[in-house]
Amino acid sequence: MLGAILVLTLLVLQIHATRPGSDNSQQSNFTIPDVVQAFDSAHIVPDILSSFDPTSILEVEFLDPDSSTNETSSVIPGVHLSMEQTLLEPQFFLTSNDTSLQNQTFVLALVDPDAPTPQNTSLSQFRHLLAGDFHLNGDSLDHALLTNSSAAQTDYVNPTPPVGSDPHRYVILLFIQPSNFDTLAANFVNASTPRSNFNLTTFANEVGLGSPIAGTYFLTQADDSSGANSSTSTASTAATSSSAGLNGASGSVIPSASPTVSNGIGMAGMMDTTLALIFAALLSKLPPGANRILFVKNLNYQITGEDLYDLFGRYGSIRQIRIGNEQKTKGTAFVVFDDVMDAKNALDHLNGFHLQERYIVVLYHMPAKQDAAAAKAELARREEELVQLKKKHDINDED
């Protein structure tokens, strides 16, 4: 009886360890034909690629945001992952029988073809990561870690599909890097290039990437019950609660990310103290009242969310944009950044910027001060109306 129980227990553990999406799985149990079939079934071919003929397997692992657990979520093609599970930049592994890849350098790209929703892909493709100079860490080609030490063309931002949207496909592709990639890529993607409306195929052709040698994808959907993942960061929660009270603003939600967290490829958990000190030093340079939400006024009434995203997105990752659509709020908007330093940079550069025949005014969103200013302006308006009425009816206060 005891032997049967042990056998059954081992069988259950084995099933759990190899189950798609299991946090305990270390190596994904899938083949190249599995990936090709998954890409075809999900219409990644032809939505992103005209064809897909991989020679290797790309494995991706997301580290749990709770560093104390040391658990990972493995990407098996088509697996559903939560926004919390994909918060941190993942690690990438290569498995291949092609020994010529041992000395190669690689480019990784992660794009969302379903932005802002699968039914409305007006922002597709959204570029979540574009980075080169990856190489194998070691001589093995069996689940070999891909590492790099240079800055990414586009830093990783985690998926944040809008609430109510169907699951988004997040497609990760690996290319062999041409020798002149850094020079050519800079002509098409730099710090001021919007992440939206990116075309990976066109980019690959322009810089000579060729066809991807490996790829995978996962699905992520917002939690409808809370409007955000239950473990979303405090900063994200603050943005949600602040923007919820923006009366008269239309919900032009721009898919972007929670605060960008770069754990360094293969360096998870290290340098925490140093990063904390650096972050504290940056915060000490912020002016009083600085926060991630900017209030923009004197806008052209015809302005769109895409117009504002293209402008403000040059300075960092944007979580949300809301444009005033009521009589009292026309010509205004709220722009919510993921990072307060990016918001400061945008304000420093864009306050007084000439946009669509208007000089826009950019301020930090400070409800108490802005409400007081609005009340003061309303009081002044009413006092002026009273003065005009007295003049009209020849009323003298001394009578």
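These figures come from a predicted structure and were not determined experimentally.

## Structural notes on helix 2 (residues 32–41)
Inference 1: Burial in helix 2 covers these residues: Val35, Ala38 and Phe39. All buried residues of helix 2 lie within an arc of 100° about the axis, which places them on one face of the element. For helix 2, exposure combined with an orientation more than 90 degrees from the buried face picks out Pro33, Gln37 and Ser41.
Inference 2: Buried-residue contacts for helix 2 involve helix 3 (44–47), strand 8 (168–176) and strand 9 (214–220).
Inference 3: Count one or two residues on from helix 2 and you reach His43, which has phi positive near 60°.

## Here we look at the pattern of salt bridges
Inference 1: Under the defined criterion, the tally for this structure stands at four salt bridges.
Inference 2: Between Arg319 and Asp338 there is a salt bridge, with the nearest N and O atoms lying 3.3 Å from each other. Taken together, the residues Arg319 in strand 12 (residues 318–324) and Asp338 in the loop between strand 13 (333–337) and helix 9 (340–350) connect sequence positions 19 residues apart.
Inference 3: Between Lys344 and Asp348 there is a salt bridge; the shortest N-O distance is 2.8 Å. Placement of the pair is Lys344 and Asp348 together in helix 9, with a separation of four residues, close to one helical turn.
Inference 4: A single network of salt bridges, built from pairs that share partners, joins Asp47, Asp114 and Arg169.

## Quick notes on the pairing of strand 9
Inference 1: Burial analysis of strand 9 places seven of its seven residues in the buried class, the great majority of the element.
Inference 2: A two-sided burial pattern is seen for strand 9, the buried positions comprising Ala214, Thr216, Phe218 and Thr220 on one face and Gly215, Tyr217 and Leu219 on the other.
Inference 3: Two strands pair when backbone bridges link them, and strand 3 (residues 79–80) and strand 9 are joined in this way by two bridges, in the parallel orientation. Bridge pairing links Val79 to Phe218 in strand 9.
Inference 4: Relative to strand 9, strand 8 is paired through seven bridges, and the arrangement is antiparallel. Considered in strand 9, the bridge of Leu173 is made with Gly215.

## A short note on unusual backbone geometry
Inference 1: A cis amide bond links Ala115 with the next residue in sequence, Pro116, at an omega value of -5°.
Inference 2: With respect to the secondary-structure elements, Pro116 resides in the loop between strand 5 (106–112) and strand 6 (126–136).
Inference 3: Note the cis peptide between Ser124 and Gln125, where omega equals -5°.
Inference 4: For Gln125, the position within the fold is in the loop between strand 5 and strand 6.
Inference 5: Within the chain, Asn197 stands out as a residue other than glycine whose phi angle is a positive 55°.
Inference 6: Structurally, Asn197 is set in the loop between helix 4 (181–185) and helix 5 (200–207).
Inference 7: Of note in the backbone geometry, Glu357 takes a positive phi value of approximately 65° without being a glycine.
Inference 8: Structurally, the position occupied by Glu357 is in the loop between strand 14 (354–355) and strand 15 (358–359).

## Topic: the side chain of His168
Inference 1: Along the chain, His168 turns up in strand 8.
Inference 2: Residue classification places His168 among the buried positions, given a relative accessible area of 0%.
Inference 3: Contact partners of His168, with chain neighbours within four places excluded, come to Asp112, Asp114, Ala115, Pro116, Thr117, Pro118, Pro161, Pro162, Phe218, Leu219 and Thr220.

Thresholds applied
Residues numbered from 1 in each chain as written. Predicted model: local features only at pLDDT ≥ 70, side-chain atom pairs only at ≥ 80, totals over all residues. Heavy atoms only, no water. Buried < 20%, exposed > 50% of the residue type's maximum accessible area, 1.4 Å probe, protein only. Helix = DSSP H or I, 4+ residues; strand = E, 2+ residues; numbered from the N terminus. Arc of directions from axis to C-beta. Contact = heavy atoms within 4.5 Å. Salt bridge = Lys/Arg side-chain N within 4 Å of Asp/Glu carboxyl O. Pairing = 2+ DSSP bridges.

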